[in-house]
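# Structure at a glance
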Amino acid sequence: MAPTTLTISSKNYSSWSLRGWLLCTMAGLDFEEHVLPVDDPSTRAELLLLSPSFLVPCLRHDGVTVWDTLAIAAYLDEIEPEAGLLPQDVKARAHCRAICGEMHSGFANLRSALPMNLRAHYPGFKVWAGAQADIDRVTEIWRECIETYGGPYLFGGLSMADAMYAPVCLRFLTYDVALDPISKAYCRTIAEWPALQRWIAAARTEPDELEELDAEF
Ligand SMILES: N[C@@H](CCC(=O)N[C@@H](CS)C(=O)NCC(=O)O)C(=O)O
């Protein structure tokens, strides 16, 4: 059988790569990382061969190619149901899918104004109104989950929702975003997640000099 691979790009800048990687790690998948060099002109041609959407992450497992992070999450939940990517309770599962979908399709202002950049820190960063509205909605989602399911993660134990929102936690820390106590504690909990710590350590070893990517990822 061909090896299981996850195609990703920059660990410092690519928030969707991070989500896909966390999901595969949570599912306990034995996978090889296929890291595309983001500053290489041949990358797009290579990416088209590997991912029909041109986008990362893209999972290849057991003869199946799955691109798009939500599809990867659903596939992993089907092949590794014991991993608990979705909560047990049917209502909690629906809630989890809903907030994962909201992250997947929304928060464009937050994503463009506060791009993921794990090596950076901007104390006192000025957040404009459009991004603040997204921040308010994200933290409302988090508070509701933590009050309903008791924390420390969004649905009690780790779930796919934590993988979907992990890059947002890291953005809030990078850009020094003012948060309510529950959201602040959640960001700290996610930042201490051992798998995420491994990803951040690897991001720190990537080359600098990719400023143009700040606006795109
Ligand atoms: N909806 C997609 C979004 C993936 C995405 O936007 N990936 C970015 C990196 S974070 C990408 O592959 N960009 C490559 C390019 O634009 O060439 C998903 O859920 O996976």
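Let me sum up the structure you'll find in this document. (Residues numbered from 1 in each chain as written. Predicted model: local features only at pLDDT ≥ 70, side-chain atom pairs only at ≥ 80, totals over all residues. Heavy atoms only, no water.)

### A few points about helix α9 (residues 194-203)
Buried residues of α9: Ala195, Leu196, Trp199, Ile200 and Ala203, and no others. End-on, the buried residues of α9 take up no more than an arc of 135°, which puts them together on one face. Those residues of α9 that are buried are in contact with β1 (5-8), α1 (15-26), α7 (160-174) and α8 (181-191). (Buried < 20%, exposed > 50% of the residue type's maximum accessible area, 1.4 Å probe, protein only. Helix = DSSP H or I, 4+ residues; strand = E, 2+ residues; numbered from the N terminus. Arc of directions from axis to C-beta. Contact = heavy atoms within 4.5 Å.)

### Some remarks on the packing of α1 against α7
The angle between the axes and the distance between the axes are what describe a pair of packed helices. Close contact between α1 and α7 brings their axes to 9 Å; oriented N to C, the two are set at 140°. Taken together, α1 and α7 sit at an angle that is classed as oblique. The two elements α1 and α7 cross, and the hand of that crossing is right-handed. Together, Ser15, Trp16, Leu18, Arg19, Leu22, Leu23 and Met26 of α1 and Met160, Ala163, Met164, Ala166, Pro167, Val168, Leu170 and Arg171 of α7 make up the contact between the two elements. Among the residues forming the contact of α1 with α7, the class breakdown is twelve nonpolar, one polar and two charged. (Axes fitted to C-alpha atoms, helices over the stretch in contact; angles between N-to-C directions. Parallel < 35°, antiparallel > 145°, perpendicular 65-115°, else oblique. Left-handed = near helix turned anticlockwise from the far one by under 90°. Nonpolar A, V, L, I, M, F, W, Y, C, P; charged D, E, K, R; others polar.)

### Some remarks on the packing of aromatic side chains
One pass over the full model with this rule turns up eight aromatic pairs. Measuring from ring centre to ring centre gives 5.3 Å for Trp21 and Trp199, while their planes differ by 55°; the resulting arrangement is tilted. With Trp21 in helix α1 and Trp199 in helix α9, this residue pair connects regions lying 178 residues apart in the sequence. A residue is classified by how much of its surface remains accessible, and Trp199, at 0% relative accessible area, is buried. Their ring planes at 80° and their centres at 6.3 Å tell us that Trp142 and Tyr165 sit as a pair that is edge-to-face. Here Trp142 is found in helix α6 (residues 129-149), whereas its partner Tyr165 is found in helix α7, with 23 residues between them in sequence. On the basis of relative accessible area, Tyr165 is assigned to the buried category, the value being 0%. A connected cluster of aromatic rings, assembled from ring pairs, spans Trp142, Tyr165, Phe172 and Tyr186. (Phe/Tyr/Trp six-rings, centres within 6.5 Å; stacked < 30°, edge-to-face > 60°.)

### Let's talk about the nonpolar core
Core analysis: the largest hydrophobic core is formed by 63 residues, its most contacted members being Trp142, Leu154 and Tyr165. At ten residues, α7 tops the list of elements feeding residues into this core. The residues that make up this core include at least three from each of domain 1 (5-83) and domain 2 (90-199). The residues touching Trp142, leaving out its near neighbours within four places in the chain, are Leu154, Tyr165, Val168, Cys169, Phe172, Ser183, Tyr186 and Cys187. (Core = buried A, V, L, I, M, F, W, Y, C linked by side-chain atoms within 4.5 Å. Domains from an automatic or database assignment.)

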